[in-house]
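For reference, the chains in residue letters:
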Amino acid sequence: MGGRNTVLLDALSLRIPMVSDIPTIIFGADVTHPEKGEDSSPSIAAVVASQDWPEATKYAGLVSAQSHRQEIIQDLYKTWQDPQLGTVSGGMIRELLLSFKRATGQKPLRIIFYRDGVSDGQFYHVLLYELDAIRKACASLEASYQPPVTFVVVQKRNHTRLFPNNHNDKKSTDKSGNVLPGTVVDSKICHPTDFDFYLCSHAGIQGTSRPAHYHVLWDENNFSADDIQSLTNNLCYTYARCTRSVSVVPPAYYAHLAAYRARFYMEPNNSEDTSIHHIRPLPELKEKVKNVMFYC
């Protein structure tokens, strides 16, 4: 209905570090690929962005079909030629920035971008292309508009597990015997030079909890380790579907849900052209749907 289920107390009192001080937009992005054997189906990219500041709980979402098994998001920023208007700029980032300004009355002065579904070997290919797309989208709105960007990759599928030092100490474990929600590890088992950390933000229900692995690939906002870890953990309590904290930061979670749902909107392919180069576009989202969390 366009409302919100939860709001952080720190957001209401303007005490979220590196968010509450100036208008900040938080993006989440993900790409889902077709199942094995579907050689002609496109990959689906989704981008969501916060539409309220400083609460950062409402997220508008956009989806796009792209080349088969292509991990880099192609439609973050694009230009095309119009016979009457000449060169026209568009893309998901540009549209979401404009949506943020319409919703809050202010343009974002800081961008935080959570990117899901990127393997270690693709880090810098994705960073180079997508960061450049963000820059171009900002410049298309205003030539001098270049807000600082923090680009964070989220990895959920890893083989790392965290255990409490003393299983008999009830104060250091949750009900299932896992580490307490909010546990962060950013030394010893992390990369010796890169800015990364493991965060177990959720309380385990059954079995051993799997922490999410966050890699800060680009940081123009000069986040300290404590600030980015605290922000990420706090956001995990704002997930709209439940009243508990979740294991992955919600913007990335929402982008995954949006991309997953968009595959059901694809029209069946009745044409004879089943090559991977033929990309069937998704039906365009209605204006009333774009700004509500239809994917939840």
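Residues numbered from 1 in each chain as written. Predicted model: local features only at pLDDT ≥ 70, side-chain atom pairs only at ≥ 80, totals over all residues. Heavy atoms only, no water.

1. Some points on the pairing of strand E7 (residues 149–155)
For E7, the buried fraction is high: seven of the seven residues fall into the buried class. Of the pairings in the sheet, the one linking strand E6 (residues 110–116) to E7 comprises six bridges and is parallel in character. Bridged to isoleucine 112 within E7 is threonine 150. (Buried < 20%, exposed > 50% of the residue type's maximum accessible area, 1.4 Å probe, protein only. Helix = DSSP H or I, 4+ residues; strand = E, 2+ residues; numbered from the N terminus. Pairing = 2+ DSSP bridges.)

2. Observations regarding the environment of leucine 97
One can find leucine 97 in helix H2 (residues 92–104). Beyond its immediate sequence surroundings of up to four residues, leucine 97 is in contact with Ile25, Phe27, Pro108, Ile111, Cys138, Leu141 and Tyr145. (Contact = heavy atoms within 4.5 Å.)

3. Concerning the packing of aromatic side chains
If you walk through the whole model with that rule in mind, you get nine aromatic pairs. Between tyrosine 239 and tyrosine 254, the aromatic rings sit 5.5 Å apart at their centres with planes inclined by 20°, giving stacked as the arrangement. Placement of the pair is tyrosine 239 in the loop between helix H4 (225–235) and helix H5 (250–262) and tyrosine 254 in helix H5, with a sequence separation of 15 residues. Neither residue differs from the other here; tyrosine 239 and tyrosine 254 are each classed as buried. Between phenylalanine 294 and tyrosine 295 the ring centres are 5.2 Å apart and the planes differ by 75°, which places this aromatic pair in the edge-to-face class. When its relative accessible area of 13% is taken as the criterion, phenylalanine 294 is described as buried. An aromatic cluster is present here, built from Tyr59, Tyr239, Tyr253, Tyr254, Phe294 and Tyr295 joined pairwise through their rings. (Phe/Tyr/Trp six-rings, centres within 6.5 Å; stacked < 30°, edge-to-face > 60°.)

4. Thoughts on the sheet that holds strand E1 (residues 24–32)
Overall, mixed pairing links the eight strands, which are arranged E3-E2-E1-E6-E7-E10-E9-E8 in an open sheet. Unpaired on one side and paired on the other, strand E3 (59–66) and strand E8 (183–185) mark the two borders of the sheet. Sheet twist, expressed as the mean angle between neighbouring strand axes with direction ignored, is 20°. As defined by bridge partners, E1 adjoins strand E2 (residues 43–50) across six bridges and the pair is classed as antiparallel. Looking across to E2, one finds that valine 31 is bridged to alanine 45. Strand contacts of helix H3 (residues 123–141): E6, E7 and strand E10 (212–219), with the helix running at about 140° to E7, the strand carrying the most contacts. Strands E1, E2, E3, E6 and E7 of the sheet are contacted by H5, whose axis makes an angle of about 40° with E1. (Axes fitted to C-alpha atoms, helices over the stretch in contact; angles between N-to-C directions.)

5. Some details on the pattern of salt bridges
Overall, the coordinates contain ten salt bridges when judged by the stated rule. Glutamate 71 is paired through a salt bridge with arginine 115; the nearest N and O atoms lie 3.1 Å apart. You can see glutamate 71 sitting in the loop between E3 and strand E4 (78–82) and its partner arginine 115 sitting in strand E6, a full 44 residues away along the chain. Taking the shortest distance from any N to any O, the salt bridge between glutamate 130 and arginine 115 comes out at 2.9 Å. With glutamate 130 in helix H3 and arginine 115 in strand E6, this residue pair connects regions lying 15 residues apart in the sequence. (Salt bridge = Lys/Arg side-chain N within 4 Å of Asp/Glu carboxyl O.)

6. Here we look at the packing of H2 against H3
In contact at an axis separation of 8 Å, H2 and H3 are set at 50° when each is read in the N-to-C sense. The orientation of H2 with respect to H3, classified from their angle, is oblique. Seen along the crossing, H2 lies across H3 with a hand that is right-handed. On H3, the residues that touch Ile93, Arg94, Leu97 and Leu98 of H2 are Ile134, Ala137, Cys138, Ser140 and Leu141. A breakdown of the residues in the contact of H2 with H3 according to their chemical character gives seven nonpolar, one polar and one charged. (Parallel < 35°, antiparallel > 145°, perpendicular 65-115°, else oblique. Left-handed = near helix turned anticlockwise from the far one by under 90°. Nonpolar A, V, L, I, M, F, W, Y, C, P; charged D, E, K, R; others polar.)

7. Remarks on the nonpolar core
With 43 residues, the main nonpolar core has Tyr59, Tyr114, Tyr214, Leu231 and Tyr295 as its most contacted residues. Elements that contribute at least two residues to this core include exactly E2, E3, E6, E7, strand E9 (196–200), E10, H4 and H5. Top contributing element to this core by residue count: H5, with seven residues. The residues contacting leucine 231, other than those within four sequence positions of it, are Ile16, Val19, Ile112, Tyr114 and Phe223. (Core = buried A, V, L, I, M, F, W, Y, C linked by side-chain atoms within 4.5 Å.)

8. Looking at the environment of threonine 6
Tracing the sequence through the fold places threonine 6 in the segment before helix H1 (9–12). Sequence-wise, threonine 6 and phenylalanine 100 are 94 residues apart; in three dimensions their C-alpha atoms are separated by 20 Å. Setting aside residues no more than four positions away along its own chain, threonine 6 makes contact with Thr57, Tyr237, Thr238 and Tyr239.

9. Focus on the layout of surface pockets
Of the volumes computed, that of the largest pocket is approximately 950 Å³. Together, 28 residues line the largest pocket, and Asp30, Val31, Gly117, Arg157 and His256 are the ones closest to its centre. Secondary structure elements with two or more residues in the lining of the largest pocket: E1, E7 and H5. With five residues, the single largest contributor to the lining of the largest pocket is H5. Tallied by class, residues from the lining of the largest pocket come to ten nonpolar, eight polar and ten charged. Approximately 630 Å³ is the volume attributed to the second largest pocket. Taken together, the residues of the lining of the second largest pocket sort by class into 13 nonpolar, six polar and eight charged. (1 Å grid on protein atoms, 1.4 Å probe; cavity = no way out; pocket = protein on both sides within 12 Å on 5 of 7 lines; lining within 4 Å. Points joined across faces, edges and corners; volume = space filled by probe spheres on them.)

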